[in-house]
Amino acid sequence: MATLLTPDICVIGAGSGGLSVAAAAAAFGVDVVLIEKGLMGGDCLNYGCVPSKALLAAGKAAFGQTKSPQFGVFSRDREIDFARANDHVRQVIAAIAPHDSQERFEGLGVTVLRERAKFTSPDTLAAGNHEIRARRFVIATGSTAFVPPIPGLDQVPYLTNETLFDLREAPEHLAVIGGGPIGLEMAQAHRRLGAQVTVFEAKQALGNDDPDMAAIVLGALRAEGIEILEGTAVGGIRKTEGGVLISAETSAGRTLEVAASHLLVAAGRVANVDGLGLEAAGVDHDGKGVRVDKGLRSSNRRIYAIGDVAGGLQFTHVAGYQAGLVIRSILFRLPVAMNNDLVPWVTYTAPELGHVGLSEAEARKKYGGRVKVLTADYDENDRARTEGETTGRLKLIAGPGGRLLGADIAGAKAGEIINLLSLALSRKMTMKDLAGFIAAYPTLGELVRRAAISYYAEAPANVWVRRLIGLLRKFG
Ligand SMILES: Cc1cc2nc3c(=O)[nH]c(=O)nc-3n(C[C@H](O)[C@H](O)[C@H](O)COP(=O)(O)OP(=O)(O)OC[C@H]3O[C@@H](n4cnc5c(N)ncnc54)[C@H](O)[C@@H]3O)c2cc1C
Ligand SMILES: NC(=O)c1ccc[n+]([C@@H]2O[C@H](COP(=O)([O-])OP(=O)(O)OC[C@H]3O[C@@H](n4cnc5c(N)ncnc54)[C@H](O)[C@@H]3O)[C@@H](O)[C@H]2O)c1
């Protein structure tokens, strides 16, 4: 007979979103059951952010050696041991894992069940030998790699983010389907660790970002020898003795065939809703995931959904932000509303690509001619020069009254600089604020001031400003 549990909150999925809800609720002394069918930590720790950034760091170290003669440093034997790079990935995961572990959460007072969860009715969930009736449920089951219906793909061995980080040898030639953040981050990491890499992108690579900024990143990746075939849809795949043969057609109607040793599918994500019993629970869902309102509630008011499964922006910090909103709603019954306008994102290629707020196109659509686009180039920044990182640009989008509407950065440390602009956006700052603070010299952050100051570029030529200066001069 099933054991009945009646916690205040039941969380399904111990990834970025689920762990944040469980930890916060437990900190307030609330009775929580957390259910995880796979590894604690979910995608981000085991198959996503952490291993991808660790592998990129290994690639950066390898690439640094090729750049070092610029600094008068010559290394004689440049040898890449891919297995050691993979060890680094494993060690980073292992170092973070205790923070997300069952032991830690049980120590916080959370009941952790390592089972697959499934709703059996609008207020009941089954998980192994347990039946759970909670006051509130939070679905945080994440997403999985979307595998496109390409003829032959199901007949060949392919990698996804769940298997890529198991490789102990560098692929000789890695073919990647998808030129989004996953495809391009992994293309660069593997290229720098010795693989030949070809990326097939049906539309535009980095298509969710500002096209000018994406072009800077794509140019840099191509210069490192990554072949990025945009407007090129994969039409079929065959197994060969040495790997796979990929047939693709370009938007110009040209057919091409590429032989590769390994294939990575990075063509987007599907929300993990299958097998959750959502129909039994009365929870509506569509191709994007669980349908939620601004307060992250599903069609069953007792059940919330957060993170990748909720069908919006798919980032760890979004899952964490949504977890905070759900906690406020469940524990304090406060009205909450998600605001995606303030969410930054970063693609960790080199150069990095960062974004927050409205894009230039969105801003122009909303404010027309009242939008000013202000830029500062990395090759004019002293710190970028000293570091040999002069490829890049920062773009600020200013609206009426000089108010910051959005920002895009392609360049070194874009991910760090975008945080400053994320804060500025959330505080409703203007170009006056961004031009008026003291930035330490020499830093890449000075790019923000430089772009913001250009908002006032016309001031010295303004006749009224000149008259005012002339008038003030008369007072001695
Ligand atoms: C290669 C890659 C790189 C990425 N890099 C970044 C990055 O740099 N920065 C960033 O912000 N985001 C990044 N992301 C996205 C980020 O990983 C996700 O947005 C984040 O993990 C979503 O958190 P989540 O809690 O919604 O889901 P997850 O972290 O995936 O957790 C969901 C958990 O639910 C469990 N589960 C599913 N179904 C059930 C069930 N029926 N019963 C019990 N348990 C279940 C799963 O096993 C999983 O552990 C990356 C993703 C990938 C794939
Ligand atoms: N740095 C980060 O924060 C980071 C890193 C990786 C992933 N992520 C998250 O994970 C999400 C998923 O990443 P992703 O790169 O898999 O998805 P994506 O949707 O951003 O990109 C997938 C790309 O694959 C292309 N594509 C789809 N089918 C194709 C086909 N048959 N042939 C050729 N191209 C095809 C699409 O046109 C698209 O450009 C991201 O949107 C992001 O939210 C974040």
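Just so it is clear, the structure is predicted and the values come from calculations on it, not from any experiment.

Rules and cut-offs
- Residues numbered from 1 in each chain as written.
- Chains lettered and ligands numbered in written order.
- Predicted model: local features only at pLDDT ≥ 70, side-chain atom pairs only at ≥ 80, totals over all residues.
- UniProt positions renumbered as here; feature names shortened; annotations may be inferred.
- Helix = DSSP H or I, 4+ residues; strand = E, 2+ residues; numbered from the N terminus.
- Near = placed C-beta within 6 Å.
- Nonpolar A, V, L, I, M, F, W, Y, C, P; charged D, E, K, R; others polar.
- Buried ≥ 20, exposed ≤ 12 C-beta atoms within 10 Å, placed from the backbone.
- Contact = placed C-beta atoms within 7 Å.
- Pairing = 2+ DSSP bridges.
- Axes fitted to C-alpha atoms, helices over the stretch in contact; angles between N-to-C directions.
- Domains from an automatic or database assignment.
- Parallel < 35°, antiparallel > 145°, perpendicular 65-115°, else oblique.
- Left-handed = near helix turned anticlockwise from the far one by under 90°.

Some words on the UniProt feature "domain: Pyridine nucleotide-disulphide oxidoreductase dimerisation" (unreviewed entry) in the chain
Next, step 1: In the numbering adopted here, UniProt assigns the feature "domain: Pyridine nucleotide-disulphide oxidoreductase dimerisation" (unreviewed entry) to residues 343–451.
Next, step 2: Segment residues 343–451 splits into 36% helix and 27% strand. End C-alpha atoms: 21 Å apart.

Quick word on the site of ligand 1
Next, step 1: Inspection of the region around ligand 1 gives 38 residues, with Gly13, Gly15, Gly42, Gly142 and Gly307 positioned closest.
Next, step 2: Counting only elements with at least two residues in the shell around ligand 1, the list comes to helix 1 (16–27), helix 2 (42–46), helix 3 (49–67) and helix 9 (316–332).
Next, step 3: Residues that form the shell around ligand 1 fall into these classes: 14 nonpolar, 18 polar and six charged.

Some points on the site of ligand 2
Next, step 1: Close to ligand 2 lie 28 residues; Gly178, Gly180, Ile182, Ala267 and Gln314 are nearest.
Next, step 2: Taken together, the elements giving at least two residues each to the shell around ligand 2 come down to helix 6 (181–192), strand 13 (232–240) and strand 21 (345–347).
Next, step 3: Looking at the shell around ligand 2 residue by residue, the classes come out as 15 nonpolar, nine polar and four charged.

A few points about helix 14 (residues 446–453)
Next, step 1: Burial of helix 14 is extensive: six of the eight residues sit out of reach of the surface.
Next, step 2: On its buried side, helix 14 packs onto strand 23 (372–377), strand 24 (393–398), helix 12 (414–426) and helix 13 (431–436).

Here we look at the sheet that holds strand 4 (residues 111–113)
Next, step 1: Pairing in this open sheet of five strands is parallel, and the strands run 4-3-2-8-20 from one edge to the other. Looking at the sheet topology across the chains shown, the edges are occupied by strand 4 and strand 20 (303–305). The average angle at which neighbouring strand axes cross in this sheet is 20 degrees, direction not considered.
Next, step 2: Sheet analysis places strand 3 (residues 32–35) next to strand 4, joined by three bridges and oriented parallel. Looking across to strand 4, one finds that Val33 is bridged to Thr111.

Here's the deal with the domain arrangement of the chain
Next, step 1: On domain assignment, one finds that the chain holds domain 1 (3–144 + 270–340), domain 2 (153–268) and domain 3 (351–460).
Next, step 2: The C-alpha centroid of domain 2 is placed 27 Å from the C-alpha centroid of domain 1.
Next, step 3: On the domain 2 side, the residues contacting the 16 residues of domain 1 number 14 residues.
Next, step 4: For the side of domain 1 that touches domain 2, the leading source of residues is helix 3, giving eight residues.
Next, step 5: Broken down by class, the residue content of the side of domain 1 that touches domain 2 amounts to twelve nonpolar, four polar and no charged.

A few points about the packing of helix 3 against helix 4 (residues 82–96)
Next, step 1: Relative to each other, helix 3 and helix 4 sit at 140 degrees, their axes nearing to 9 Å. Taken together, the axis directions place helix 3 and helix 4 in an arrangement best described as oblique. Once helix 3 is placed against helix 4, the crossing between them reads as right-handed. Residues Val50, Pro51, Ala54, Leu55 and Ala58 of helix 3 form the contact with helix 4, whose participating residues are Ala85, His88, Val89, Val92, Ile93 and Ile96.

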